[in-house]
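Report on the structure
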Amino acid sequence: EQLVKRGEKIIYTGQAEEAIKLLHQAKTQLREIVRNISLNAKVRKDYFTTQMLLVRSYMENGNDQKSRQIMTEIVRQFEDEFPVTTDNYHPKVVDLYKEVFGSLKDQRTAAVTITTNPPGCEVYINGRAMKQKTPFTYKGLYPGALHVQVRKGELQSMVRKSDVAEKTTAKLDIDLE
């Protein structure tokens, strides 16, 4: 949190390279949290904000390729979970988000079927809470690595990684008992 705050402050002082260093450190630390524990909303929002600030920093530093690469990660990880408007972000960042979001829309061809014992578990795919409980087939996902966790009451699974190819459906059976 401190790294993100310091990075955000210096973005606007013309020290983009220093901001990139700090925000990259924060991203690395937050990525490990994202991969290894169940997320709460604040950690997830902090990770999103850090990524968006990195995009802005790389833009300020003239590295459009790196900005686009990070924005692609953001869209694949968070989709439209958080608002990206000029109220929150620089207009160039908002434009890039809209462009990347639109260009990746057709790539959402993967799916995962999750069954659990007991049934009726809450599902988190890549840290994002899904609306439907198990058993269910979650469609419209981006191909690649999926990190899945299920919860029911006090029970929760470890984070499971599953690779899913485009236009295929992966299957996960998770026993909480």
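Relevant structure appears above.
What counts, and at which threshold
- Residues numbered from 1 in each chain as written.
- Predicted model: local features only at pLDDT ≥ 70, side-chain atom pairs only at ≥ 80, totals over all residues.
- Heavy atoms only, no water.
- Salt bridge = Lys/Arg side-chain N within 4 Å of Asp/Glu carboxyl O.
- Helix = DSSP H or I, 4+ residues; strand = E, 2+ residues; numbered from the N terminus.
- Buried < 20%, exposed > 50% of the residue type's maximum accessible area, 1.4 Å probe, protein only.

1. Observations regarding the pattern of salt bridges
One pass over the structure, following the stated rule, counts seven salt bridges. Close ionic contact of E60 with R56 constitutes a salt bridge, the shortest N to O distance being 2.9 Å. Taken together, the positions of E60 and R56, both in helix α3 (residues 41-60) and four residues apart, correspond to about one turn of that helix. Judged by its relative accessible area of 43%, E60 is partly exposed. Of the charged contacts in the structure, one is a salt bridge between D80 and R128, with a shortest N-O distance of 3.3 Å. Taken together, the positions of D80 in the loop between α4 (64-78) and α5 (91-104) and R128 in strand β3 (residues 128-129) put the pair 48 residues apart, joining distant regions of the chain. Overlapping salt bridges, with partners in common, bring together E79, D80, R108 and R128 in one network.

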